[in-house]
Every structure is written in structure tokens, then in C-alpha cells.
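# Working through the structure, step by step
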Amino acid sequence: LPGLTELLAWIDSRGVRKVAVTNAPRPNAELMLRALGLETYFEHVVIGTECARAKPCPDPYLEGMRLVGACDAGRCVAFEDSPA
């Protein structure tokens, strides 16, 4: 993942809050974040199947916003790792 940790560090330096949102099972998501050394960059991990509706519905993203106190989706950014 060339450049990812640098991007996350740059975002951190600006005080931007971050949530990982995924449809992966929680144990898999947490294992991958730890294995990649990324777990400390995210305040929360939101799992789609733990929400009323999983991605591609917006529920997991809305939950992530709620967890960090974001109320304007127009000021939020999602970075995806799959083409779907």
C-alpha cells in the first residue's frame, strides 16, 4: 500500500478524525488493520453487518459519522479499496 501510511499521517497532522468502514467480518478487519500497522490511525471500526443495512447502503458511513460527531456528509470523504 505505497503512500497509505504517509497519507494517513498527513491527515492526522491536520487533526482530521478517521473511521474505518468495512463489510468484512470484525475479526478479519481488525486483524488486517493490525497486520498493516494501521489500527492506530482510526478512532473506530464500523462493520457493515453490525448496522441495520450494510454497504452499499449508507448506514455504515452514517454510523461512522455519528461516532466522530460529523453531521455534514458534504464535509466527509470516503476512500475505498474495491471498485464496487
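One structure accompanies this document, and this report is about it. (Residues numbered from 1 in each chain as written. Predicted model: local features only at pLDDT ≥ 70, side-chain atom pairs only at ≥ 80, totals over all residues. Heavy atoms only, no water.)

## What to know about unusual backbone geometry
The criterion, for reference: Per the convention used, a helix needs a DSSP run of H or I reaching at least four residues, while a strand needs a run of E reaching at least two, with both numbered from the N terminus.
Along the chain, K55 connects to P56 via a cis peptide bond; the corresponding omega equals 20 degrees. Within the secondary structure layout, P56 lies in the loop between β2 (44-47) and α3 (59-67).

## Topic: the pairing of β2
Remark: a regular strand shows side chains that alternate across the two faces of the sheet. Quick reminder of the rule: Here, a strand pair is defined by DSSP locating no fewer than two bridges between the strands.
Where strand β1 (residues 19-22) meets β2, 4 bridges bridge the pair, whose relative direction is parallel. Residue pairing for β2: T22 is matched across the bridge by I47.

## Side note on the nonpolar core
Quick note on the threshold: To define a nonpolar core, start from buried Ala, Val, Leu, Ile, Met, Phe, Trp, Tyr and Cys residues and group those joined through side-chain atoms within 4.5 Å. Whether a residue is buried, partly exposed or exposed follows from its accessible area with a 1.4 Å probe, protein chains only, as a fraction of its type maximum: under 20%, in between, or over 50%, in that order. We call two residues in contact when some of their heavy atoms are within 4.5 Å.
By size, the foremost hydrophobic cluster in this structure holds 8 residues: L8, A20, A29, L33, L38, Y41, V45 and I47. Secondary structure elements with two or more residues in this core: α2 (26-35) and β2. Residues in contact with I47, not counting those within four places in the same chain, are T22, A24, P25, R26 and A29.

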